[in-house]
Every structure is written in structure tokens, then in C-alpha cells.
Amino acid sequence: DFGLMFLHHLATIFLITFSYVNNMARVGTLVLCLHDSADALLEAAKMANYAKFQKMCDLLFVMFAMVFITTRLGIFPL
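Thresholds applied
Residues numbered from 1 in each chain as written. Predicted model: local features only at pLDDT ≥ 70, side-chain atom pairs only at ≥ 80, totals over all residues. Heavy atoms only, no water. Salt bridge = Lys/Arg side-chain N within 4 Å of Asp/Glu carboxyl O. Helix = DSSP H or I, 4+ residues; strand = E, 2+ residues; numbered from the N terminus. Buried < 20%, exposed > 50% of the residue type's maximum accessible area, 1.4 Å probe, protein only. UniProt positions renumbered as here; feature names shortened; annotations may be inferred. pLDDT = per-residue confidence, 0-100.

Give me the pattern of salt bridges: which residues, what numbers.
Evaluated as defined, the whole model comprises two salt bridges. One salt bridge in this structure joins E43 and K46, with 3.8 Å as the shortest N-O distance. Residue E43 and its partner K46 are located together in helix α3 (residues 39–50), separated by three residues, close to a single helical turn. Classification of E43 as partly exposed rests on a relative accessible area of 34%.

So what's going on with the UniProt feature "domain: TLC" (unreviewed entry) in the chain? Which residues, and what values?
When the UniProt feature table is mapped onto this chain, "domain: TLC" (unreviewed entry) is found at residues 1–78. As a span, residues 1–78 carries 85% helix and 0% strand, and end to end its C-alpha atoms are 31 Å apart.

So, the confidence of the model for the chain: which residues are in play, and what are the values?
For the chain, the mean per-residue pLDDT works out to 89, and 100% of the residues sit at or above 70. Within the chain, the element-level pLDDT minimum falls on helix α2 (residues 25–36), averaging 80, and the maximum on α3, averaging 94.

In C-alpha cells form, the structure reads like this:
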């Protein structure tokens, strides 16, 4: 999990820097906001799972799925 998340964050930093250097900061910021809005819920669900709070984990994961689908499959393509 650590290696994939580390690679993900390196790619994110590269893409944000690339959008800024090419004077596309508005697009980069929009992509960042839409993609990161669901990440906090996923991390919270992971913490609830590690703490053995299964109902809280399930609830947070459902919330994550709803936000993920809405932002990445609904709002982002528009």
C-alpha cells in the first residue's frame, strides 16, 4: 500500500507542477480538488477498519464510493 500511494503522490506532484509551468493552473487546481475530495473518506475508512470499527468503516466506504462516483465520473467529465 505504501509504495503505490508514494508513487501516486509523486505523479500528482509532477502533474500539478506541469500544469503550473504550462500556465494551466486553473485546470490543475480543478483536477486536484475533484480527485482529492474522496481521498479523505477512503483514509478514514482505512483507519476505522484498522481500529476494528466495522460499521463505521462500511459507512465511510459507502460515502467514499458516492463522492468518488459523483466527482470522477459525473463532475470531472463535464
